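Examining the three-dimensional arrangement
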Amino acid sequence: MCTSFTGTFYLPSGLTHLSESTFGDCAGLTSIVLPEGLQSIGASVFEGCSGLLGTISIPSAVINIEESTFENCSSLSEVVLSENLQSIGESAFQNCSELSEILLPESIQSIGKSAFLNCSGLQSIKIPSGITKIESYTFENCAGLKEVLLPENLQYLGSSVFRNCSSLQSVIIPESVSEIGDRAFEDCAALKDVTMMPIEPPILGSRILGYDNTTTVIKVPVGTIDAYNAAFAEDGYLVIEQEY
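Below is a summary of the structure that appears in this document. For clarity, every value in this text was computed on a predicted model and none was experimentally measured.

Attention now goes to the packing of aromatic side chains. For the coordinates displayed, the defined rule picks out 11 aromatic pairs. With a centroid separation of 5.3 Å and an interplanar angle of 0 degrees, the aromatic rings of Phe 116 and Phe 139 are classed as stacked. Of the two residues, Phe 116 sits in the loop between strand 9 (110-111) and strand 10 (124-126) while Phe 139 sits in the loop between strand 11 (133-134) and strand 12 (147-149), which places them 23 residues apart along the sequence. Residues Phe 116 and Phe 139 agree in their burial class; the two are buried. In this structure an aromatic cluster arises from ring pairing among Phe 5, Phe 9, Phe 23, Phe 46, Phe 70, Phe 93, Phe 116, Phe 139, Phe 162 and Phe 185. Note that Lys 133 overlies the ring of Tyr 156, its terminal NZ or CZ placed 6.0 Å from the centroid.

Following this line, the structure appears as structure tokens:
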């Protein structure tokens, strides 16, 4: 912990590992350059660095972003991820409210719960093709999120995963999805339509579009409207067949 430090911190070129919580709560830290030889970054390394500005580039040898690595870095605007990155841990970017752009490389195989919770500045996201699960709360309260592209192999959307993404206007649920958790799209005020590609309705949690939602249209494949109406029977959502 370095609560009294202010300004830019220069890491030595030979550094290969940053230990857990190394810069935790360094609110005065405004910039840092990670050396290209860095191989691992511990959990919570930059958690609470609320003054960290601009862009951070993750070196190519780093394959995991651990839990809470950048949590509460509320001034960070962009993170450039390595093309070798394999996982993003739980709450890794939680409360990074100024984060407006992040490109997730195709190498990523897992994204932890609440990874981008409260990233209200994030505007678009494309989920890599290797992701089969998007865990609960991953993008909850991303109020600026307008576009989400889900991969064709996706199987599971967790509870509240896109809850209160108030700028999201439409979303396509891939045919491979077999389960959607409780309130996955609740309080998405701008959501005009959800296109469901699965031929059989997924296992649906409680109120995936929230209570008393009469504005969002659920578009389903031709010939499946009875099955989807039955699946949403308790919710009263508007279900129509897709036009081809």
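Structure shown, so let's carry the discussion forward.
Attention shifts here to the sheet that holds strand 15 (residues 179-180). Ordered by their spatial adjacency, 4 strands build an open sheet running 11-13-15-17, and the pairing between neighbours is parallel. The sheet terminates laterally at strand 11 and strand 17 (203-204), the two strands that pair on one side only. Note: strand 13 (residues 156-157) against strand 15, 2 bridges, orientation parallel. Within strand 15, the position partnered with Tyr 156 by the bridge is Glu 179.

Counted by the stated rule, this structure contains 5 salt bridges. Here Glu 186 makes a salt bridge to Arg 163, at a shortest N to O gap of 2.8 Å. Taken together, the residues Glu 186 in the loop between strand 15 and strand 16 (193-196) and Arg 163 in the loop between strand 13 and strand 14 (170-173) connect sequence positions 23 residues apart. Here Asp 187 and Arg 163 are joined by a salt bridge, their closest N and O atoms 3.4 Å apart. Taken as a pair, Asp 187 in the loop between strand 15 and strand 16 and Arg 163 in the loop between strand 13 and strand 14 lie far apart in primary sequence, 24 residues in all. Judged by its relative accessible area of 41%, Asp 187 is partly exposed. A cluster of three or more residues bridged by salt bridges with shared partners is formed by Glu 140, Arg 163, Arg 183, Glu 186 and Asp 187.

Parameters at a glance
Residues numbered from 1 in each chain as written. Predicted model: local features only at pLDDT ≥ 70, side-chain atom pairs only at ≥ 80, totals over all residues. Heavy atoms only, no water. Phe/Tyr/Trp six-rings, centres within 6.5 Å; stacked < 30°, edge-to-face > 60°. Helix = DSSP H or I, 4+ residues; strand = E, 2+ residues; numbered from the N terminus. Buried < 20%, exposed > 50% of the residue type's maximum accessible area, 1.4 Å probe, protein only. Lys NZ or Arg CZ within 6 Å of the ring centre and 35° of its normal. Pairing = 2+ DSSP bridges. Salt bridge = Lys/Arg side-chain N within 4 Å of Asp/Glu carboxyl O.

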